[in-house]
Amino acid sequence: MRHLLSTADLDSAAAVHILDTAAQMAATQSREIKKLPTLRGRTVVNLFFEDSTRTRISFETAAKRLSADVINFSAKGSSVSKGESLKDTALTLQAMGADAVVVRHQSSGAPHTLAHSGWVDGAVINAGDGTHQHPTQALLDAFTIRRHVAMAGAAGAGAIGQLDPTGRDLAGLKIAIVGDVLHSRVARSNVLLLRTLGADVTLVAPPTLVPVGVEAWPCRVSYHLDEVLRDQQPDAIMMLRVQRERMSAGGAGGGAFFPNPLEYTRGFGLDARRLALLPEHAIVMHPGPMNRGLEISADAADSPRAVIVEQVANGVAVRMAVLYLLLAGDSAGSASTAGSASTAGSAGPRTADERTAIA
Amino acid sequence: MSSGPVVPNDPSSMVPVERPAGTGAPGVPAAPAPAPGSRLVLGAPEISRALTRIAHEILERNHGGADIVLLGIPTRGLPLAVRLAERLAAVEPELVAADLVGSLDVTMYRDDLHKHPTRTIGATLLPPSGIDGRIVVLVDDVLYSGRTIRAALDAISDLGRPRAVQLAALVDRGHRELPIRPDYVGKNLPTSQSEKVRVLLTETDGEDGVFIAGRQGAETRQSAEIEESR
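What counts, and where the lines are drawn
Residues numbered from 1 in each chain as written. Chains lettered and ligands numbered in written order. Predicted model: local features only at pLDDT ≥ 70, side-chain atom pairs only at ≥ 80, totals over all residues. Heavy atoms only, no water. Helix = DSSP H or I, 4+ residues; strand = E, 2+ residues; numbered from the N terminus. Buried < 20%, exposed > 50% of the residue type's maximum accessible area, 1.4 Å probe, protein only. Contact = heavy atoms within 4.5 Å. Areas by Shrake-Rupley, 256 points an atom, 1.4 Å probe, with all protein chains shown as cover. Pairing = 2+ DSSP bridges. Axes fitted to C-alpha atoms, helices over the stretch in contact; angles between N-to-C directions. Core = buried A, V, L, I, M, F, W, Y, C linked by side-chain atoms within 4.5 Å. Domains from an automatic or database assignment. Right-handed = clockwise from strand over helix to strand, strands pointing away. Parallel < 35°, antiparallel > 145°, perpendicular 65-115°, else oblique. Left-handed = near helix turned anticlockwise from the far one by under 90°. Phe/Tyr/Trp six-rings, centres within 6.5 Å; stacked < 30°, edge-to-face > 60°. Lys NZ or Arg CZ within 6 Å of the ring centre and 35° of its normal. Polar contact = N/O pair within 3.5 Å; in protein donor to acceptor, adjacent residues only side chain to side chain.

**Thoughts on the overall build of chain A**
- The secondary structure content of chain A amounts to 15 helices and nine strands.
- Residues counted as buried form 55% of the 359 residues belonging to chain A.
- Nonlocal contacts in chain A, meaning residues at least 24 apart in sequence, comprise 76% of its contacts between residues at least 6 apart.
- Counting every atom, chain A has about 14100 Å² of accessible surface; 52% of that belongs to carbon and sulfur.

Have a look at this one:
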C-alpha cells in the first residue's frame, strides 16, 4: 500500500489488516502515555481545501500520537485564495519534505491526481474528495461495526469488547445507509468497503438523492426506511448528513431534492419510533456533523445505541493505523509488498529471518 | 530463508535421540520447515529443562515470586513467558500463573522500522496488577543485537515504572550491538553473523526445537557447540 485513495483499492485481507492494526493502536490510546515514537522525524501535511473539523483534528491527533510532525494547511488564508493551483501548492509542500500528504478537496479525483502526477514523493491519503471517496471514514465505520456487532452474535450484545475481533471481517452483517447518498462520499466508500468485508449493504434514500448508475454498486437500494427497518432488521444503521451546501443550485432548504425538511424527516429521519424497530443489538452511526432534527432526532442521537462519539475516537486509531502502514515501513519495499502485508502476519512480526537481517 | 549453500545434515543430528518417535527428521517438520542444512541444537527436553532452571533462578534471585511480572515479547517470547509462569506457579503454589504473564509488543518502538517492509503490530496486554513497582522479567526467544530489548525498555517506560527490569532469553547468540546483558539464559550459542538461529515452539510452530542454519565458516565451532549440548 503506497497511497490510500479509495476503498476500491483494498481487498478483504488488506482491509482486515488495517482494522487489526487499528485495534492495536486503539489499545495504546487507553494508556496514560498515549504517544508512541514510531514516526519520529516524519512530516505529515494536512492539506485541506475544504472545511473540516473532525477529520483534520483526527488526522492531526493520529500523526502526533505517532510522534510525526504535523503541518496544517487550509485553503482559507493561504495562497490558494490568491489563485495558486493544486500543482504549485503540491510542489511547495514537496520542497518542504512532506512524507505524507493528507488531502481533502472539493473536486473528486484531486488526491488521485496528486498521487500519480509525480508532484509529491510522499504517501497521499484521501481525506475526502468531492462526492467520490472518504476511505478513512469508511474504515473507522467498519472498525466500529466490527467492534460492536461482529462479536455480538458470538457473545451476546452484553459482552461487547470481551472477545477479540482480530482477523474477523463483517460477513453476514446487514447494514443500512440512510439519507443523502447522492452527495455522500462516505456512502460510496462504505458501500465498497463493507461489501469487500462481506457485509450486506442497503441504501435508503428518496429517489432524488440516489445517484445515477447506483445499480452498478454492490448493494441494494430502497426508498422506504420503515420497510427496511422492519423486514431486514439491520445490525447497524448509518445516517448520512443532508448536505445542503451541495444543494445550493436548488435554492435554500434543498428545494430541488425534497419538498421541505419536515417531509424529509418524516420519510427518512431516524427518530425514537424507528429506533424501536431496530433489533436489540443494532447500533446507530453518523459520520458527523449531524443535522439534529433533520436526518436524526435528538432521541436517536443521544440514545445508548448511538456510537457517534465512539466513531470519532475510533477515527484516531484507524488513522494512526493508516499512517503507520503507509509510513513506517521501508518505502521502496512497501510499494512492492502491498499484498504481502497481511500474509506476513501469519508468520508473526519477528521471524528469525528478520532478526538476522537486522545485522 | 536459506541464503547459505545447501549442505547435507550433520549425521549426528539426523539421529535426534531426544525427539519423540514419529515426528520425523529435523529437516522435515510440519509447517515452517527449518532450511535444509539446519541443525537441531536444542530439542524439546533441553528447552523444557532450560525453562525450569530459569524459573528457579528467577525465584532465587528475587527471593520468591511475590512481585514478579513476566512480559513475553511476541511472537515467541509470549509462549515462553507462559511456560515460565506455569513453572513459577508450580514451585510457589500461592502464585497464579495467569496473573504473572503479560505480552509486550515492541514493534512501534523499533529503530529499524524504515529498513523493513511494514511489520504487523502485536498485542500488548499487561497483567491485572500492572507493572508499577513490580519486578518485570522480559522474556524473548533469541537475544542477538539487543535492539529488540532496547525497544522493549522504551515501551516499558511508557507503560509504567517497574522496580526493576530483568531479561530472560532462551538462546543468547552473541553479537550485541548495545550494552545489554541477559539475567537468565537458556543456552549460550556462539554463532557467526552469517548463520541463522530459528526457534520453534509448539504453541506457534507445532513443535519445540532450536535450529541453526548458515554457512560453513563457523562449522568447527558449531560442531563443538553441538557436542557440548548433547
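**Overview of the sheet that holds strand β7 (residues 196-200) of chain B**
Residue and element names in this part refer to chain B.
- Spatially, β1-β8-β7 is the arrangement adopted by the three strands of the open sheet, whose pairing is antiparallel. Edge positions in the sheet fall to β1 (39-42) and β7, since each has one partner strand and no second. Neighbour-to-neighbour, the strand axes of the sheet open up by a mean angle of 35°, direction not taken into account.
- As paired elements, β7 and strand β8 (residues 209-213) share five bridges and run antiparallel to each other. When the sheet's bridge partners are listed, valine 197 is paired in β8 with isoleucine 212.

**Let's talk about the nonpolar core**
Residue and element names in this part refer to chain A.
- Counting residues in each nonpolar core, the largest one holds 116 residues, and the members touching the most others are Met25, Ile145, Ile177, Leu194 and Ile237.
- The element that contributes the greatest number of residues to this core is helix α12 (residues 308-327), accounting for 12 residues.
- There are two domains that each give this core at least three residues, and those are domain 1 (7-133 + 314-332) and domain 2 (135-311).

**A few points about the pairing of strand β5 (residues 164-172) of chain B**
Residue and element names in this part refer to chain B.
- Counting buried positions along β5 yields seven of nine residues, so the element is predominantly enclosed.
- Inspection of the sheet shows strand β4 (residues 135-143) paired to β5 by eight bridges, in the parallel sense. Following the sheet pairing, leucine 138 is matched in β5 by leucine 167.
- Tracing the backbone out of β4, into helix α4 (residues 147-159) and back to the parallel element β5 gives a crossover that is right-handed.
- The sheet contact formed by β5 and strand β6 (residues 184-188) spans four bridges and is parallel. Across the sheet, residue alanine 169 finds its bridge partner in β6, namely valine 185.

**Quick notes on the packing of helix α2 (residues 54-65) of chain A against α12 of chain A**
All names here are of chain A.
- Two numbers describe how α2 lies on α12: the axes approach to 8 Å, and their chain directions differ by 55°. Judged by the angle between their axes, α2 and α12 are oblique. In this structure, the crossing between α2 and α12 has a hand that is right-handed. Here Arg54, Thr55, Ser58, Phe59, Thr61, Ala62, Ala63 and Arg65 of α2 lie close against α12, whose contacting residues are Val312, Gly315, Val316, Arg319, Met320 and Leu323.

**A word on the packing of aromatic side chains**
- According to the stated counting rule, one finds three aromatic pairs over all chains in the structure shown.
- Between tyrosine 264 of chain A and phenylalanine 268 of chain A, the ring centres sit 5.9 Å apart and the planes meet at 35°, which makes this aromatic pair tilted. Of this pair, tyrosine 264 of chain A and phenylalanine 268 of chain A both sit in helix α9 (residues 261-268), four residues apart, which is roughly one turn of the helix.
- The exposure class assigned to phenylalanine 268 of chain A is buried, which follows from its relative accessible area of 9%.
- Lying across the ring of phenylalanine 59 of chain A, arginine 319 of chain A places its NZ or CZ 5.0 Å from the centre.
- Lying over the aromatic face of tyrosine 144 of chain B, arginine 173 of chain B brings its terminal NZ or CZ to 4.0 Å of the ring centre.

**As for the side chain of serine 103 of chain B**
Residue and element names in this part refer to chain B.
- In this structure, serine 103 sits in strand β3 (residues 101-103).
- Only 2.5 Å separates the side chain of serine 103 from the backbone oxygen of alanine 123, close enough to count as a polar contact.
- Apart from residues lying up to four places away in sequence, serine 103 is in contact with Leu71, Gly72, Pro74, Leu78, Ala123, Thr124 and Leu125.

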